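Descriptive analysis of the structure
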Amino acid sequence: MPTIPAQAIWFTAPRTVTVRREEAPPPATGEVRVAAIASLISHGTERLVYRGEVDPALPLDLPTLSGSFAFPIKYGYAIAGRVIDIGPGVEGIRVGDAVAALHPHQSVFTLPAHLVKRLPANLDPALGGFYANVETALTICHDAAPRLGETVVVLGQGVVGLLVTQLLQLTGARVIAIDPDPYRRALAERCGAITLAQADPAAIANLTGGRRADIAIEVSGAPVALQQAIDVVAVEGLVVVASWYGQKPVTLTLGGHFHRGRVRIHSSQVGRLAPETLPRWDYARRTATVMELLPRLRLAELVSHRFPIAQAAEAYALLDQAPVGMVQVMVEYG
């Protein structure tokens, strides 16, 4: 099999995007080659990388990434496509299968078969890149572990926040979604949430019979929102921090309600499973659950902007500006 030319998105300096020509080699033993359909830009982690707001010495955490946080770097982890070639020894995957992968934005790529996930037949394959964010949202919900009837405040209704809001509805939790963007609030309302433009403790107390929230999930990426999350939970309440702030400092007031209210703060990160779920849950079970959930969620309406890979620089400039009405930016190939 011949090598196939490909296009890949690289950050060559802060806020500098280049589409480079690469080669996708034929798959070796245990590998597959995939032609991309669409990939999703991460509005949290990836925007930090694009802006140069990540510690340059931080190691890369995925085997598919290239370069370093000191630049240049090929970054991204939410791509979907179809398998076009299979190497020897690959089982359970066929040519033509729609798959998702934790791989940077690239039109054709080769990687080990165990790093791709077959997508459900009843899912539009262009939406397969949501696999990564649904996996994150599921992990967040497992870390939050709301009881039936509890109130959960979700601060931030970007893509992950909206997915968390949808998954929480399936648990029977009452969700109050916080976001200043009216377009995002409207999406959250269509997902069944009560919405507020600000995390106002008095308003949330009024909505909960004076108790305030049982759980607050901070997924906005804004350091100031962590203090707001602490302020809106009840005594003995739980704050789940799903945002990665990169090198942005976080200033907190930990006297008063935090101290006397015995508020708990818990970090959630998709690279690990919620310890309370072990040994009943492993990564294979989480993957299978995500695949079952994908066709049940409102995904297509989360895509607010689409760009061909040739216009990648414009896509990231838009992401940097974060205009009202932006939810998910998609890169399309073809």
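The present account deals with the structure reproduced in this document. Since the structure is predicted, the reported quantities are computational estimates derived from the model, not experimental observations.

What about the pattern of salt bridges?
- Taken as a whole and assessed by the stated rule, the structure comprises 12 salt bridges.
- Here Arg118 ties to Asp97 by a salt bridge, and the two come within 3.4 Å at their closest N and O atoms. Of the two residues, Arg118 sits in strand 9 (residues 116-118) while Asp97 sits in the loop between strand 6 (79-86) and strand 7 (98-101), which places them 21 residues apart along the sequence.
- The salt bridge involving Glu332 is made with Arg306; its shortest N-O contact spans 3.2 Å. With Glu332 in strand 17 (residues 328-332) and Arg306 in strand 16 (residues 303-308), this pair connects stretches of sequence that are 26 residues apart.
- Connected through salt bridges with shared partners, the residues Arg15, Arg51 and Asp320 form a single ionic network.

Some points on empty space enclosed by the protein
- Applying the stated criterion across every chain, the model contains 1 cavity of 30 Å³ or more.
- If you add up the space inside the largest cavity, you get close to 30 Å³.
- Taken together, Thr139, His142, Leu273, Ala274, Thr277, Trp281 and Arg286 make up the lining of the largest cavity.
- Of the residues assigned to the lining of the largest cavity, the class counts are 3 nonpolar, 3 polar and 1 charged.

Topic: the nonpolar core
- By size, the foremost hydrophobic cluster in this structure holds 87 residues, and its most contacted members are Phe11, Val32, Phe130, Leu163, Val164, Ile217 and Leu294.
- With 9 residues, the single largest contributor to this core is helix 2 (residues 130-144).
- Residues within four places of Val164 in sequence aside, it is in contact with Ala137, Ile140, Cys141, Val154 and Ile217.
- Grouped together as the second largest cluster of nonpolar side chains are 20 residues, Ala213, Val233, Val239 and Val263 included.

Some points on unusual backbone geometry
- The residue after Phe71, namely Pro72, is reached through a cis peptide bond having omega 0 degrees.
- Tracing the chain through its elements places Pro72 in the loop between strand 4 (66-67) and strand 5 (73-74).
- In this structure, Arg262 takes a positive phi of about 50 degrees despite not being glycine.
- Phi angles above zero are rare outside glycine, and Ala322 is one such case at about 50 degrees.
- Turning to its location among the elements, Ala322 is positioned in the loop between helix 9 (312-321) and strand 17.

About the thresholds
- Residues numbered from 1 in each chain as written.
- Predicted model: local features only at pLDDT ≥ 70, side-chain atom pairs only at ≥ 80, totals over all residues.
- Heavy atoms only, no water.
- Salt bridge = Lys/Arg side-chain N within 4 Å of Asp/Glu carboxyl O.
- Helix = DSSP H or I, 4+ residues; strand = E, 2+ residues; numbered from the N terminus.
- 1 Å grid on protein atoms, 1.4 Å probe; cavity = no way out; pocket = protein on both sides within 12 Å on 5 of 7 lines; lining within 4 Å.
- Points joined across faces, edges and corners; volume = space filled by probe spheres on them.
- Nonpolar A, V, L, I, M, F, W, Y, C, P; charged D, E, K, R; others polar.
- Core = buried A, V, L, I, M, F, W, Y, C linked by side-chain atoms within 4.5 Å.
- Buried < 20%, exposed > 50% of the residue type's maximum accessible area, 1.4 Å probe, protein only.
- Contact = heavy atoms within 4.5 Å.

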